[in-house]
Every structure is written in C-alpha cells, then in structure tokens.
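Structure assessment
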Amino acid sequence: MPSQPSKALETFANPEPNRDYTIRIRIPEFTCLCPVTGQPDFATLHLEYVPNQRCVELKSLKLYVWSYRDEGAFHEAVTNRIVDDIVAAIAPRFVRLTSEFNVRGGVYTNVVAEHRAAGWTPPTPVTLP
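Nothing here was measured: the structure is a model prediction, and the numbers come from that model.

Section: helix H2 (residues 75-90)
For H2, with 16 residues, the first-to-last C-alpha span of 23 Å sits near the 22 Å given by 1.5 Å per residue. His75, Val78, Thr79, Ile82, Val83, Ile86 and Ile90 are the residues of H2 that are buried. An end-on view of H2 places all buried positions within 135° of arc, on one side of the element. Of the residues in H2, the exposed ones pointing more than 90 degrees away from the buried face are Asp84 and Ala88. Downstream of H2 by a residue or two, Ala91 has a phi angle that is positive, lying close to 45°.

Here you go:
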C-alpha cells in the first residue's frame, strides 16, 4: 500500500535518556502553499532537538512534512506549528526549527522557532584547541 501524508508523528523511546545529545535532521523538500496567491512555497527545514524520553520516527516525520503540501500557510505560522506539534509529540528538552524558504519575488525568508523545556539548561559547550 502506498504511503499517504499524515499529521501523526510516531515516536520511539530515547535509547539514551540520561544523556543530552542533539539530533539534527535536514528536510530539503518541504512544500506548502502561499495563503494569498495559492502558489507553492518551497523550503529546507533544519530541525534540531535534544530528546527527553521520546524521539521522532523519521518515516512519520516525512509523511508529516508531506501533509503540508496542499495547505496554505504563512512561513511564520507553519514554522511555529511544526515546533508545537513536535513538542506535543515528544516533549523534548529543546527543539529549534529553522525554515529556509526559497526566493519569492526577490525575497528569501528564514524563520527560526524554538522551545525549551521548563527547568532544562543546556550543558556547557566544550571548546577544543
């Protein structure tokens, strides 16, 4: 049976819940529709998150991203909605989504949205010589 777009984000147990580590996912084929003109908007999504107890399953993330293909959405709104849906699905310690939209009318748009769990502070970065 062929795959279908879906708003359901499937998850799995974090294999290392006692460690802060970053998962970085690049999604170069995001598409939604301009809510004003109905024309397609294309973007590369850069998702970074520090999982808590759950991680996002990648195939469901692909189908989730696909579900926006025929929806009208402003860049700012869709970026924040995706962050909200990820937070609802996995309650990460931290998540950042950068939506890098392709040029439209000579204008490039990047939208960055973040969420930090209450009480979580990032570890001090290590700087090597």
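Concerning the side chain of Thr31
Considering the arrangement of structural elements, one finds Thr31 in strand E2 (residues 23-33). Leaving out residues up to four positions away in the same chain, Thr31 has contacts with Pro40, Asp41, Phe42, Tyr68 and Arg69.

Describing the sheet that holds strand E5 (residues 94-104)
As a general point, the strands of a sheet are linked pairwise by backbone hydrogen bonds and lie either parallel or antiparallel. Reading across the sheet, the 4 strands line up as E2-E3-E5-E6 and stay open at both edges, with antiparallel pairing between neighbours. Strand pairing shows two members of the sheet lacking a second neighbour, E2 and strand E6 (107-116), which therefore form its edges. Geometrically, the sheet is characterised by an average inter-axis angle of 15° between neighbouring strands, direction not taken into account. Direction of pairing for E5 relative to E6: antiparallel, over a ladder of 9 bridges. Bridging across to E6, Glu100 finds its partner in Asn110. Docked against the sheet, helix H1 (residues 58-66) engages E2 and strand E3 (40-50), running at close to 25° with respect to E2.

A look at the UniProt feature "active site" (unreviewed entry) in the protein chain
Per the UniProt record, "active site" (unreviewed entry) is annotated on Cys34 and Asp41. With respect to the helices and strands, Cys34 occurs in the loop between E2 and E3. Judged by relative accessible area, Cys34 falls into the buried class, the value being 15%. Setting aside anything within four residues of it in sequence, one finds Cys34 in contact with Gln39, Asp41 and Arg104. With respect to the secondary-structure elements, Asp41 resides in strand E3. Excluding residues within four positions of it along the chain, Asp41 makes contact with Phe30, Thr31, Cys32, Leu33, Cys34, His75, Phe101 and Arg104.

So, how was this worked out
Residues numbered from 1 in each chain as written. Predicted model: local features only at pLDDT ≥ 70, side-chain atom pairs only at ≥ 80, totals over all residues. Heavy atoms only, no water. Helix = DSSP H or I, 4+ residues; strand = E, 2+ residues; numbered from the N terminus. Expected span 1.5 Å × (residues − 1). Buried < 20%, exposed > 50% of the residue type's maximum accessible area, 1.4 Å probe, protein only. Arc of directions from axis to C-beta. Contact = heavy atoms within 4.5 Å. Pairing = 2+ DSSP bridges. Axes fitted to C-alpha atoms, helices over the stretch in contact; angles between N-to-C directions. UniProt positions renumbered as here; feature names shortened; annotations may be inferred.

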